[in-house]
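Coordinate analysis (summary)
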Amino acid sequence: MQKDLSNYRKSYQKSELLEKAISNNPMEVFQKWFHEVEVTDGVDEPNAMTVSTIGLDGYPKSRVVLMKKFTFEGFIFYTNYLSEKGKAIANNPNVCLAFFWPNLERQVLIKGKAEKLATNLSDGYFESRPRGSQLGALVSEQSEPIKSRQALEEKLIALEKELENKEIERPKHWGGYLVRPVSIEFWQGRPNRLHDRIRFSLQEDLDWKIERLQP
Ligand SMILES: Cc1cc2nc3c(=O)[nH]c(=O)nc-3n(C[C@H](O)[C@H](O)[C@H](O)COP(=O)(O)O)c2cc1C
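Report on the accompanying structure. Just so it is clear, the structure is predicted and the values come from calculations on it, not from any experiment. (Residues numbered from 1 in each chain as written. Predicted model: local features only at pLDDT ≥ 70, side-chain atom pairs only at ≥ 80, totals over all residues. Heavy atoms only, no water.)

**A short note on the pattern of salt bridges**
Taken as a whole and judged by the stated rule, the model has 17 salt bridges. Linking glutamate 36 and arginine 106 is a salt bridge whose minimum nitrogen-to-oxygen distance equals 2.8 Å. Of this pair, glutamate 36 sits in helix α1 (residues 26-39) while arginine 106 sits in strand β5 (residues 106-116), placing them 70 residues apart in sequence. Relative accessible area serves as the criterion here: at 22%, glutamate 36 is assigned to the partly exposed category. Here glutamate 185 makes a salt bridge to arginine 197, at a shortest N to O gap of 2.7 Å. Of this pair, glutamate 185 sits in strand β6 (residues 174-188) while arginine 197 is found in strand β7 (residues 196-202), placing the two residues 12 residues apart along the sequence. (Salt bridge = Lys/Arg side-chain N within 4 Å of Asp/Glu carboxyl O. Helix = DSSP H or I, 4+ residues; strand = E, 2+ residues; numbered from the N terminus. Buried < 20%, exposed > 50% of the residue type's maximum accessible area, 1.4 Å probe, protein only.)

If you want it as structure tokens, here you go:
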């Protein structure tokens, strides 16, 4: 079996990324780009990002999660601390985040260190979730095998019964990570594969070094 995709070819020409037009703080550039993506049609979940971790087995692993907040400190997402990614981060907090926004022909790549979010912030977010999602977080031993879909649904029914009319507290193994960036690269597609790439790298004095990279 084979499928040849060599004719898939697209010229990127929607925008440009020039040093003179951007802030010297990458989180401000991110905020501007994110806003532009949000107000441009064509991306369903602009906050979906790929998180790559270095696993205990030595392999990198990537998966999509939803960014729930960003601030000058970094990028926040929520998950199960005992999941495969949770165990990977406990062993090595270095992660990479990737956003791809095809509607504006943009990619952002972030290297950073993940740390558990303060418990009161995770509590606050957990409380804000719909009850169904709270139960889902409780019932799923994320990344562990289970023998069938039915077994999972039965677990849920049992839990719903147990917690009927009770407030659901955040389980300690579920919460947020804050990824503090050490490098943020902005990629803007340009014609003839001469794309714009600007990388911000955090220096020891906490200033950001700005470099243009060849496409
Ligand atoms: C659009 C999308 C959004 C997702 N959002 C999350 C999320 O916010 N948190 C999460 O733990 N998993 C999320 N997932 C599921 C993850 O991709 C992944 O399956 C799960 O976190 C288990 O990953 P792990 O076994 O590598 O730890 C999302 C998947 C998709 C496709």
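There's plenty left to go through after this.
**A look at the pairing of strand β2 (residues 60-70)**
In regular strands, side chains alternate between the two faces of the sheet. By the bridge criterion, 7 bridges tie strand β1 (residues 48-54) to β2 in an arrangement that is antiparallel. Each bridged residue has a counterpart across the sheet, and for threonine 50 the counterpart in β2 is valine 64. The antiparallel pairing of β1 with β2 creates a hairpin that spans 5 residues between the two strands, and glycine 58 there sits at a positive phi of about 90 degrees. Of the pairings in the sheet, the one linking β2 to strand β3 (residues 75-80) comprises 3 bridges and is antiparallel in character. Note on β3: the bridge partner recorded for phenylalanine 70 is phenylalanine 75. (Pairing = 2+ DSSP bridges.)

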